[in-house]
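What follows is each chain in one-letter form.
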Amino acid sequence: QVQLVESGGGLVQAGGSLRLSCTGSGRSFGTYKIGWFRQAPGKEREFVAHITWIFSTAYTDSVKGRFTISRDNGKNTVYLQMNGLKPEDTAIYYCAARGDRSDSITWNYDFWGQGTQVTVSS
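The sections below set out a description of the structure shown in this document. Keep in mind that what you see is a predicted model, and the values were worked out from it rather than measured.

**Regarding the nonpolar core**
- Core analysis: the biggest nonpolar cluster contains 29 residues, and Trp36, Leu80, Met82 and Tyr93 have the highest contact counts within it.
- The element best represented in this core is strand β9 (residues 91-98), accounting for four residues.
- Sequence-distant contacts of Met82, that is, excluding residues within four places in its chain, are made with Gly16, Ser17, Leu18, Leu20, Arg66, Phe67, Tyr93 and Val118.
- Ranked by size, the runner-up nonpolar core spans five residues in total, among them Phe37, Phe47, Ala58 and Tyr109.

Take a look at the structure:
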């Protein structure tokens, strides 16, 4: 069982930056693949990025070059650094954990956080 808590959301102007954090419980946190997803009003939840247990990363095309995912297993935390934010990045951002050592992109995660709101004004 892994419990996840997101933080770091807020209101920012277009072009600004935010860093989201996802902190998990449990000694085995470092073995999980951690993903970030987002859901905008009226839209389906979409994959944003993931980082595997060996620090391999993947991103959706719309955030490549602007967002960076990283992890600090000593702090049981995964970060999503978001630069060059755009109004279309406005959404609730969720982190999720999956007991999976593959690098494949999937929406099928075992544990989810409650989400943190990111609002980008134009």
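Still more ground to cover, so stick around.
**Details of the packing of aromatic side chains**
- Within this structure, the stated rule accounts for six aromatic pairs.
- When the centroid spacing of 6.2 Å and the interplanar angle of 70° are considered together, the rings of Tyr32 and Phe111 count as edge-to-face. Here Phe111 lies in strand β10 (residues 111-112) and Tyr32 lies in the loop between β3 (18-24) and β4 (33-39), a separation of 79 residues in the sequence. Each member of the pair, Tyr32 as well as Phe111, is classed as buried.
- With 5.3 Å between their ring centres and 80° between their planes, Phe37 and Tyr109 make a pair best called edge-to-face. Of this pair, Phe37 sits in strand β4 while Tyr109 is found in the loop between β9 and β10, placing the two residues 72 residues apart along the sequence. This pair shows no difference in class: Phe37 is buried, exactly as Tyr109 is.

**Quick word on the state of the cysteines**
- Applying the stated criterion to the full structure yields one disulfide.
- Here Cys22 engages in a disulfide with Cys95; their sulfurs sit 2.1 Å apart. One quick way to see it: the torsion about the S-S bond of Cys22 and Cys95 is about 70°, and its sign makes the bridge right-handed. Of the two residues, Cys22 is situated in strand β3 and Cys95 in strand β9; the sequence distance between them amounts to 73 residues.
- A relative accessible area of 0% means that Cys22 is categorised as buried.
- For Cys95, a relative accessible area of 0% gives the class buried.

**Quick look at the environment of Leu80**
- Mapped onto the secondary structure, Leu80 falls in strand β8 (residues 77-82).
- Owing to a relative accessible area of 0%, Leu80 belongs among the buried residues under this scheme.
- Residues Leu80 and Ser7, spaced 73 residues apart in sequence, show a C-alpha to C-alpha distance of 10 Å.

**Quick look at the sheet that holds β8**
- With respect to topology, four strands assemble into an open sheet ordered β1-β3-β8-β7, the strand pairing being antiparallel. Bordering the open sheet on either side are β1 (4-7) and β7 (67-72), each of which pairs with just one other strand. The sheet shows a mean angle of 15° between the axes of neighbouring strands, direction not considered.
- Sheet analysis places β1 next to β3, joined by four bridges and oriented antiparallel. Its bridge partner lying in β3, Leu4 is registered against Gly24.

Conventions adopted
- Residues numbered from 1 in each chain as written.
- Predicted model: local features only at pLDDT ≥ 70, side-chain atom pairs only at ≥ 80, totals over all residues.
- Heavy atoms only, no water.
- Core = buried A, V, L, I, M, F, W, Y, C linked by side-chain atoms within 4.5 Å.
- Buried < 20%, exposed > 50% of the residue type's maximum accessible area, 1.4 Å probe, protein only.
- Helix = DSSP H or I, 4+ residues; strand = E, 2+ residues; numbered from the N terminus.
- Contact = heavy atoms within 4.5 Å.
- Phe/Tyr/Trp six-rings, centres within 6.5 Å; stacked < 30°, edge-to-face > 60°.
- Disulfide = S-S within 2.5 Å.
- Pairing = 2+ DSSP bridges.
- Axes fitted to C-alpha atoms, helices over the stretch in contact; angles between N-to-C directions.

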